[in-house]
Amino acid sequence: MASHLPPRPTAQQSQAEAGGMASDEHHHGPRGLMRWLLTTNHKEIGTLYLIFSLSMFFIGGIFAMVVRAELFQPGLQLVQPEFFNQMTTMHGLIMVFGAVMPAFVGLANWMVPLQIGAPDMALPRLNNFSFWLLPVAFALLLSTLVMPGGAPNFGWTFYAPLSTTYAPPSTTFFIFSLHLAGISSILGAINIIATILNLRTPGMRMMDMSLFVWTWLITAFLLIAVMPVLAGVITMMLLDINFGTSFFNAAGGGDPVLFQHLFWFFGHPEVYIMILPAFGIVSVIIPTFARKRLFGYASMVYATASIAILSFLVWAHHMFVVGLPLVAELFFMYSTMLIAVPTGVKVFNWITTLFRGSLTFEPPMLFALAFVVLFTIGGFSGLMLAISPADFQYHDTYFVVAHFHYVLVPGAVFAIMAGVYYWLPKWTGHYPHTRLSQWHFWLSVIGVNLTFFPMHFAGLAGMPRRIPDYALQFADFNMITSIGAFMFGISQLLFVAVVVLCVRGGEKAPAKAWDGAEDLEWTIPSPAPLHTFETPPHFEPHRH
Amino acid sequence: MRLVWTAGLVACSGLSESVLANGWNMPVGVTDVSREIHSLHMTIFWICVVIGVVVFGAMFYSLFRYRRSRGAKAANFHEHTTVEVIWTLIPILILVAMAIPATATLKTMYDASEADLDVMVTGQQWRWRYSYLGEDVAFTSNLATSRSQVSGESAKDENYLLEVDEPLVLPVDRKVRLLMTSDDVIHSWWVPDLAVKQDAVPGFVNENWVRINEPGIYRGQCAELCGRDHAFMPVVVKAVEPERFDDWLAERKETASQAALGVDREWELDELMERGEQVYGTICASCHQPDGSGSPPAFPALAGNQAILEDPDYHIDTVVNGVSGSAMPAFRSTLNAVELAAVITYERNAWGNETGEAIQPADIAELLDAQ
Amino acid sequence: MARQGIQDARKGVRRTVARTLVALAGMFVFAFALVPLYDVFCQVTGLNGKTSNQAQALAHEGADQDRVVTMQIITRGSPGLPWSLEAHTRQIRVHPGQSAEVHFTFENLGDEASVARAVPSVSPSEASLHLRKLACFCFQNQRLASGERFEAPLVFQLTRDLPDDIKTVTLVYTLYRQDAAPSRKSGTQARGGDA
């Protein structure tokens, strides 16, 4: 999402390079395409991740537009059910694994070293490798669309046996591509952990780190814990499909429900992998534009950690109607409700940070504030879904679709956009165009709510999810949703325009682009030179 | 204070029942459980609304009051242990208050007392099969909406996609135990008005129960993605007075034996074709298409399919016993001998297949009752 | 001083990477270990309603004459297997603690020999903890020649510690084919596609 032309190193920095951690970088090395292919610089890799993520965001977005166009009115008009199912599946997979996760990894690549005063990531070559796995993985995944039998059509949750015994032949490729994406995430997580734990500038203790760094550290641990479980599950699927085992096949003594337990043991922490870094970004942006220190820094850290730990104890709330005994229903209902406590603490802290601040509403702040409001709405519907008896009515309806889109779109995606607007001056040396950014913001906010709010009603009124055609009483809600979706989709072109314009020029930004910003990245020039903090910066440890 | 608050909530949820009980909200439903769930849903909803008003109120007050453009200067506080402890404890109390009624409702839903009637519900791509245990009555329930309505060639009915050829008939005021399972992938049987949603898992049985308070027709859908026609396998429950239910059951047994009549006689080709076309239209056309063209590779074409045309036994075997690991179910228990013979004959003679062969119900019957 | 710091950092990075790799390997193994753990967990808690896959001994306890539990027996086939399975008794009322016997008939209606197994499932799932099978055909595969019939008993006991609120126990047997279907059939399935 950032610069096409990476910031050039200054002569001084090139000379000062000797002995730095990032000594793999060769300035007289390859140019053009090869240079991007072989780069080990955290800023360039961060940029690559962000550009990749933005492309995937648009591809996944196009799939969503196909879905919404078909659902514009009852009846089948544009696509057949087989293709519709491929679209919903690919939309989910691409958005989760291709757009949201790589965007956060991209932001981490750019900003974690800058915020902890490190010269680069701890493992620069590994960093390059983990990025280049992604285009391979997703090219493979997208290629399944043209395979005989079509792309995966069993939903992004790929429940067995629909995804094993009854799956299209392309499923093996889907498994392989998910393996590659998983390895990429794992390597990225190792790198981030190694960087944060070992490369902090002298004097920076853990409790001095910015919340973006903290949330990413916790996220990286979650990734290490659950990505291997995903790898295990899809390996079992692979064995069931191609080697005649029966992990998930009742005929051979297996259990399809086991698949769901394993999947959600990965899947629920995965949901937090997509939201914790968003918490971090918002916790950095709100104090900046409130010109006031973040309220309750320590409790923010503890809340994040408790959300991460609780995320391992709630997986079966996705399975309330699968036939669990009463005790299990009660346990998972209570543990899920508990998550509302640390999440609530976070929201209260953000609002108290605003209280008695000195607020301005630049584009990053607008997105961060919309995040707080709309994510909280998603949290409310999450609390309702946690109530197991009521979930018997909500489960697998558009109410659930509304819920997780509220936490993922105006949640995770808005936080990513807030982060991009916040750090664009650092990346490019220019402020994003204010008027255009405001248009982007307001059209997105209106579009998002128009899209996802009516889904609550459709779901409560009884519309199941993942259907290409629906009964007539859901027609009005769906039409509004589709109009909102087109509006939201088109307004994202403005985002591309803002980013491109910002890379090319615009109002010059000083080193400290936002007057309330406090972290270390604002002590280096804008745009950030290619090499930074080759000698550890001076750090005053009292800021948090 | 707390009392006032609770009273307010109760008043709100009472109000909501009249205002929101339309196509915008969860239906109140026609069972005690569905009512309980609905009131639980409304209670939690209003609690969320109240929290939302307080939280967003504080937020928007700050956004308005402390703008720099209005000359706000930032204060310098950044922690306050007491406040933080309070806003950790209050949500816990609210959650406990929510958990108590939720636990009670859940216990009611898991009540295992003896049922008056047991019905086995089997999901199959893409229809439901109901069998009344101990009554020798079993039938499948298929989507009744015509393909032309789906494609937009004809106007859509009021109950578009929510109508079936034969609904599940249940008595009111009787506890009915529903046993769920599946023949192929996971399905989920859901009727919002009954507040029953339960996954049907292949190879495993789940159970749920319902006691309907009012006669009527209640519609729902499959709730778990089960492949191509997931949107086209509705559930329709017709609740009737117990006496009418007994009559219906007796009548249904009679019809079943009537339908099986004529197994012994020789059938004309035309007769079989006519019957077969009906069966094909309700059961087979959704996958193999009305014109027999199928949608390969998952659903082979039947028109011009040499494999079945050359080998009638293979054709019969496939229809009667199904194909394992594919979407082709075994129809031995779903269709009677006459229907099987008719549909196979139809497939062997329609769309230019023209084998001229009539498969006789008697031969199929022999195959089915070889024991 | 700075050089010292870099050396320390490098050592630290190596240590961190080594630890995370161990954690990764551990989690990957754990994912597979969850499969048998799940089975054990299900056996202990009755989570998925599966019954034991080997014969159990009779629990010697007198029948609880005050309680009667209805045992329903349901048999089902599955696609691709031309067999029938019939229970001679579809419903039986038993006292907890008492042992009972039900007979089943398998028959291969197809024109080839095939191998199948009856896979049991119990509802409510908690009841599977209290259902002891002293003899059952479901412990092994059955092989039947074309037209062959086979009769087999199920001897079971619902133990006295069956929770009081369980009044009906449903035992479902689903027949699943265990040998690969003759190749012609899967072959023609694909051949039919391009016909």
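The structure presented is a predicted model; accordingly, all values stated were derived computationally and were not measured.

Caption draft 1: Geometry of the overall build of chain C. A tally of helices and strands in chain C yields two helices and nine strands. Counting from the amino terminus, chain C carries its helices and strands in the arrangement α-β-β-β-β-β-β-β-β-β-α. In summary, chain C has a C-alpha radius of gyration of 26 Å against a globular reference of 16 Å for 195 residues, an excess of more than 25%. Within chain C, the proportion of its 195 residues that are buried is 50%.

Caption draft 2: Examining the interface of chain C and chain B more closely. At the junction of the two partners, chain C supplies 38 residues and chain B supplies 42 residues. Buried area between chain C and chain B, summed over both chains or domains, comes out near 3100 Å², and the portion from carbon and sulfur atoms is 50%. Here chain C is connected to chain B by three salt bridges. Linking arginine 93 of chain C and glutamate 114 of chain B is a salt bridge whose minimum nitrogen-to-oxygen distance equals 3.4 Å. Across the chain C-chain B interface, the total number found is 10 residue pairs in polar contact (both at pLDDT 80 or more).

Caption draft 3: Examining the domain arrangement of chain C more closely. Split by domain assignment, chain C resolves into domain 1 (1-45) and domain 2 (54-191). For domain 1 of chain C versus domain 2 of chain C, the separation of C-alpha centres amounts to 44 Å.

Caption draft 4: Focus on the sheet that holds strand 8 (residues 149-158) of chain C. Residues and elements named next belong to chain C. Pairing is antiparallel across the open sheet formed by four strands, whose spatial order is 2-4-8-6. Looking at strand neighbours, the two that pair on one side only are strand 2 (83-87) and strand 6 (131-135), the edges of this open sheet. Each neighbouring strand pair of the sheet contributes to a mean axis angle of 30°, computed without reference to strand direction. As paired strands, strand 6 and strand 8 are joined by four bridges and run antiparallel to one another. Counterpart to arginine 132 in the pairing with strand 8 is glutamine 157.

Caption draft 5: Representation of empty space enclosed by the protein within the structure. All names here are of chain A. If you walk through the whole model with that rule in mind, you get seven cavities of 30 Å³ or more. In this model, the second largest cavity occupies a volume close to 130 Å³. Those elements that provide at least two residues to the lining of the second largest cavity are helix 4 (81-116), helix 6 (171-198) and helix 7 (211-242). Considering only residue class, the lining of the second largest cavity consists of 12 nonpolar, three polar and no charged.

Caption draft 6: Molecular detail of a negative patch on the surface. Where like charges cluster on the molecular surface, the negative patch consists of Asp173, Glu241, Glu243, Asp246, Asp247, Glu251 and Glu254 of chain B. Topologically, glutamate 241 of chain B is positioned in the loop between strand 10 (234-240) and helix 5 (242-259).

Caption draft 7: Spotlight on the state of the cysteines. In this structure the tally under the stated criterion is one disulfide over all chains. Between the sulfur of cysteine 136 of chain C and that of cysteine 138 of chain C lies a disulfide, 2.3 Å long from S to S. With the S-S bond torsion at 135°, the cross-link from cysteine 136 of chain C to cysteine 138 of chain C turns out right-handed. Of all cysteine sulfurs in the structure, the one in cysteine 284 of chain B sits closest to cysteine 287 of chain B, which takes part in no disulfide; the separation is 8.6 Å.

Caption draft 8: Molecular detail of the packing of aromatic side chains. Inspection of every chain in the model, using the stated rule, returns 75 aromatic pairs over all chains. Taken together, a centroid distance of 5.7 Å and an interplanar angle of 75° make the contact between phenylalanine 265 of chain A and tryptophan 315 of chain A edge-to-face. One end of the pair, phenylalanine 265 of chain A, is in helix 8 (residues 256-273); the other, tryptophan 315 of chain A, is in the loop between helix 10 (297-310) and helix 11 (326-338), and 50 residues separate them in sequence. On the numbers, 5.2 Å between centres and 80° between planes, the contact of phenylalanine 367 of chain A with phenylalanine 414 of chain A is edge-to-face. With phenylalanine 367 of chain A in helix 13 (residues 363-386) and phenylalanine 414 of chain A in helix 15 (residues 398-428), this residue pair connects regions lying 47 residues apart in the sequence. An identical accessibility class is assigned to phenylalanine 367 of chain A and phenylalanine 414 of chain A; each is buried. Of note, arginine 147 of chain B hangs over the ring of phenylalanine 232 of chain B, and the distance from its end group to the ring centre comes to 5.7 Å. Its guanidinium or amino end placed over the ring of tryptophan 209 of chain B, lysine 175 of chain B lies 4.6 Å from that ring's centre, counting from NZ or CZ.

How each quantity is defined
- Residues numbered from 1 in each chain as written.
- Chains lettered and ligands numbered in written order.
- Predicted model: local features only at pLDDT ≥ 70, side-chain atom pairs only at ≥ 80, totals over all residues.
- Heavy atoms only, no water.
- Helix = DSSP H or I, 4+ residues; strand = E, 2+ residues; numbered from the N terminus.
- Rg over C-alpha atoms; globule rule 2.2 N^0.38 Å.
- Buried < 20%, exposed > 50% of the residue type's maximum accessible area, 1.4 Å probe, protein only.
- Contact = heavy atoms within 4.5 Å.
- Buried area = accessible area lost by both parts, 1.4 Å probe.
- Salt bridge = Lys/Arg side-chain N within 4 Å of Asp/Glu carboxyl O.
- Polar contact = N/O pair within 3.5 Å; in protein donor to acceptor, adjacent residues only side chain to side chain.
- Domains from an automatic or database assignment.
- Pairing = 2+ DSSP bridges.
- Axes fitted to C-alpha atoms, helices over the stretch in contact; angles between N-to-C directions.
- 1 Å grid on protein atoms, 1.4 Å probe; cavity = no way out; pocket = protein on both sides within 12 Å on 5 of 7 lines; lining within 4 Å.
- Points joined across faces, edges and corners; volume = space filled by probe spheres on them.
- Nonpolar A, V, L, I, M, F, W, Y, C, P; charged D, E, K, R; others polar.
- Patch = residues over 30% accessible without salt bridge, like charges linked within 9 Å, V, L, I, M, F, W, Y side chains within 5 Å.
- Areas by Shrake-Rupley, 256 points an atom, 1.4 Å probe, with all protein chains shown as cover.
- Lys, Arg positive; Asp, Glu negative; His and termini not counted.
- Charge placed at Lys NZ, Arg CZ, Asp CG, Glu CD.
- Disulfide = S-S within 2.5 Å.
- Phe/Tyr/Trp six-rings, centres within 6.5 Å; stacked < 30°, edge-to-face > 60°.
- Lys NZ or Arg CZ within 6 Å of the ring centre and 35° of its normal.

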